[in-house]
Amino acid sequence: MTSPAQSPILVLGGTGTVGSRIVSQLASQGIPTIIASRNPPSSSSPSHVNFDWDDPYTWEPIFISKSSSSEGTTTEQDQQPSRPQPTPQPIRSIYLIAPPTLTGDRPMIEFIDFARARGVHRFILQSASSVEAGGPLMGKVHAYLRELGQRGEVEWGVLRPTWFQQNLAEQSYHKESIRSESKIYSATEDGKIPWVSADDIASVAVRALTGEEAPNTEWTVLGPELLKILSEVLGRKIVHVDLTSAELEKRHTRFGMSEEYARMMSAMDTAIKFGAENRTNDMVFSVTGVAPKKFRDYAMSVKDVWETRLQEMGIEGKT
Ligand SMILES: NC(=O)c1ccc[n+]([C@@H]2O[C@H](COP(=O)([O-])OP(=O)(O)OC[C@H]3O[C@@H](n4cnc5c(N)ncnc54)[C@H](OP(=O)(O)O)[C@@H]3O)[C@@H](O)[C@H]2O)c1
C-alpha cells in the first residue's frame, strides 16, 4: 500500500544541513512536509514536530493528524462531547538522517518498523560514500532497508554522499580554523575528495522521496571536482595541516565528539589518504538533470564567513 501523493513527507533531521534544503525544495514545489527534530527550525514552521531518536514517546504524535485529533463530537444521548479520537496521519515517504552516535542504528531500525506498522511504505536513508551496506551505523540500516526491499515489503533508497562542501563554511570545526588560523586540519595527507553540494544531495533526495518509482538501490552522490584548497577564493594562503590519525582523533574529541565517534571519523580520513574518495560520477546529473554545483561557486557565495579575525581587528597583512 502506498500513501496518497498529497500526504506529507516526513524529514527526520529536517533542520540540518541537508534536511533543511530538502524541506525548502519540497515547499517550493508545494509538497506538504513534516520537519522532525529535537529543536525547532530557526524560522517558525507550523509543520515542525518534536522528535528524538532516543525517546520513543516522541514518535507516535508524528502519525496522528494535528487538525482532527483536537476536535471531539457530541452524541445525542448524553449531549456530552465525546473524547477526541486521534485520526491517523498518513505519511507519503520518510527521509532518515542518523543521530551522531555509533549506536544510532538501533532506534533507526526500530523506527522504520514503527512507521511501517503505521502504513509508511517508502524510506530514503542518508548514509555516506564511506559506509558500505552492513557497515557501522547507517550501514546496518542500509542493509535492513535493502533486505525489506528484496522481500517486497518497502520501497527504499540509500543516498551515499561524499563530504559536503558546506562542512567548510557551516561546521565550526573547519570554519573557525580557516577563519582565524588560515588552516584546515585533517589526516587525509594528499588524498582528494569530490566535495558535493548539500543542495545537490537535497535535489537527489527529493527525487527519491517523490518519484513515481523509488530508487530501490543505493545512489553514490559525488561532486564534480577533486579539490583541496580555498586559497584562490580567499586571496590568502590556506594551509593544510597534516595530522596523524591519533592527533585528529584528539582534535575531534576537543570539539565535543565521543572517543568512539572521533575514532571512526579519523579512520575515514585515513581511508581518504589511501584514495577512497578519489573519484567523481554523474549521479547528480543523471537523477536531477542539473549539473552538480562547483565548490568554487559555493565558496565564492559564502566567502564572508571565512573573513579573517585579523581583518576584523583592523590588522592588515597575511598570516
Ligand atoms: N558532513 C558530511 O560531509 C557528511 C558526508 C556524508 C554523510 N554524512 C552523514 O550525514 C548525516 C548528517 O547530515 P546533515 O549534516 O545534513 O545533518 P546535521 O546538519 O548534522 O543535522 C542533524 C539533524 O538531526 C537532528 N538530530 C540530531 N540528533 C538527533 C536526535 N537524537 N533525535 C532527533 N533528531 C536529531 C538535528 O536536530 P536537533 O539537534 O534539533 O535534534 C538536525 O536536524 C550523518 O549521518 C553523517 O554521517 C555527512
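Residues numbered from 1 in each chain as written. Predicted model: local features only at pLDDT ≥ 70, side-chain atom pairs only at ≥ 80, totals over all residues. Heavy atoms only, no water.

An unreviewed UniProt entry lists the chain under the name NAD(P)-binding domain-containing protein, with Apiosordaria backusii as the source organism. The chain has a UniProt comment under Sequence similarities (unreviewed entry) that states "Belongs to the fgaFS/easG family." Among the UniProt annotations of the chain, the heading Pathway (unreviewed entry) holds the following wording: "Alkaloid biosynthesis; ergot alkaloid biosynthesis." (UniProt positions renumbered as here; feature names shortened; annotations may be inferred.)

Undergrad: Sorry if this is basic, but what is going on with the side chain of histidine 174 here?
TA: Checked against the element boundaries, histidine 174 lands in helix H6 (residues 172–181). A residue is classified by how much of its surface remains accessible, and histidine 174, at 12% relative accessible area, is buried. In this structure histidine 174 touches Asn167, Leu168, Ile184 and Tyr185, once residues within four positions along its chain are discounted. (Helix = DSSP H or I, 4+ residues; strand = E, 2+ residues; numbered from the N terminus. Buried < 20%, exposed > 50% of the residue type's maximum accessible area, 1.4 Å probe, protein only. Contact = heavy atoms within 4.5 Å.)

Undergrad: Is there a simple way to explain the packing of helix H9 (residues 245–254) against helix H10 (residues 259–273) in this structure?
TA: Close contact between H9 and H10 brings their axes to 8 Å; oriented N to C, the two are set at 135°. Relative to H10, the element H9 lies oblique. Crossing handedness for the pair H9 and H10: right-handed. Here H9 contributes Ser245, Leu248, Glu249, His252 and Thr253 to the contact with H10, which in turn contributes Glu259, Ala262, Arg263, Met265, Ser266, Asp269 and Thr270. (Axes fitted to C-alpha atoms, helices over the stretch in contact; angles between N-to-C directions. Parallel < 35°, antiparallel > 145°, perpendicular 65-115°, else oblique. Left-handed = near helix turned anticlockwise from the far one by under 90°.)

Undergrad: Whenever I open this one, unusual backbone geometry confuses me. Can you help?
TA: When glycine is set aside, most residues are seen to have a negative phi, and most peptide bonds are trans. One non-glycine residue, leucine 137, lies in the positive phi region at around 50°. For glutamate 189, which is not glycine, the phi torsion reads 50° and is therefore positive.

Undergrad: How should I be thinking about H6 in this particular structure?
TA: Side chains that are three or four residues apart share a direction in an α-helix, a result of its 3.6 residues per turn. Buried within H6 are the following residues: Tyr173, His174, Ser177, Ile178 and Arg179. Looking at the residues trailing H6, positive phi occurs at serine 182, about 55°.

Undergrad: Would you explain the site of the ligand in this entry?
TA: Taken together, 25 residues sit near the ligand, with Thr15, Arg38, Asn39, Gln126 and Asn167 positioned nearest. The backbone of glycine 13 places a nitrogen or oxygen atom 3.4 Å from an oxygen atom of the ligand. When the ligand is considered free in solution it has 900 Å² of accessible area, and contact with the protein chains removes 82% of it. (Near = heavy atom within 4 Å. Polar contact = N/O pair within 3.5 Å; in protein donor to acceptor, adjacent residues only side chain to side chain. Areas by Shrake-Rupley, 256 points an atom, 1.4 Å probe, with all protein chains shown as cover.)

Undergrad: Mind showing me how you'd approach the pairing of strand E5 (residues 122–126) here?
TA: Each regular strand shows side chains that alternate between the opposite faces of the sheet. Of all five residues in E5, five are buried; the element is thus mostly enclosed. Here E5 shows a buried face lined by Arg122, Ile124 and Gln126 and a second buried face lined by Phe123 and Leu125. The pairing of strand E4 (residues 93–97) with E5 spans four bridges and is classified as parallel. When the sheet's bridge partners are listed, isoleucine 97 is paired in E5 with glutamine 126. Note that the unit made of E4, helix H3 (residues 105–116) and E5 has a crossover that is right-handed. (Pairing = 2+ DSSP bridges. Right-handed = clockwise from strand over helix to strand, strands pointing away.)

Undergrad: Honestly, helix H1 (residues 17–28) in this entry has me stumped. Any pointers?
TA: The terminal C-alpha atoms of H1 lie 17 Å apart, and with twelve residues this matches the ideal 16 Å at 1.5 Å per residue to within 8%. For H1, the set of buried residues is Val18, Gly19, Arg21, Ile22, Val23 and Leu26. For H1, the secondary structure elements touched by its buried residues are strand E1 (9–12), strand E2 (33–37), E4, E5, helix H5 (167–170) and helix H7 (198–210). (Expected span 1.5 Å × (residues − 1).)

Undergrad: What am I meant to see in the packing of aromatic side chains here?
TA: The description of an aromatic ring pair rests on the distance of the ring centres and on the angle between the ring planes. Under the criterion given, the structure shown has twelve aromatic pairs. When the ring of tryptophan 59 is compared with that of phenylalanine 111, the centres are 5.3 Å apart and the planes differ by 85°; the resulting orientation is edge-to-face. Of the two residues, tryptophan 59 sits in the loop between strand E3 (48–50) and helix H2 (66–69) while phenylalanine 111 sits in helix H3, which places them 52 residues apart along the sequence. Through a chain of ring-to-ring contacts, the aromatic side chains of Phe51, Trp53, Trp59, Phe63, Phe111 and Phe114 assemble into a single cluster. Over the aromatic face of tyrosine 173 sits the side chain of arginine 251, whose NZ or CZ is 4.8 Å from the ring centroid. The positively charged end of arginine 251 is found above the aromatic ring belonging to tyrosine 185, 3.8 Å away from the centroid. (Phe/Tyr/Trp six-rings, centres within 6.5 Å; stacked < 30°, edge-to-face > 60°. Lys NZ or Arg CZ within 6 Å of the ring centre and 35° of its normal.)

Undergrad: Teacher, can you tell me more about the sheet that holds E4 here?
TA: If you walk across this open sheet you meet the seven strands as E3-E2-E1-E4-E5-E6-E8, and the pairing is parallel. Because the sheet does not close on itself, it has two edges, and the strands there are E3 and strand E8 (218–221). Averaged over all pairs of adjacent strands, the angle between their axes in this sheet comes to 20°, without regard to strand direction. By the bridge criterion, three bridges tie E1 to E4 in an arrangement that is parallel. When the sheet's bridge partners are listed, valine 11 is paired in E4 with tyrosine 95. Sheet strands touched by H1: E1, E2, E4 and E5. Its angle to E1, the strand with the most contacts, is close to 160°. In the packing of H3 onto the sheet, the strands contacted are E1, E4 and E5, and the crossing angle to E4 comes to about 170°.

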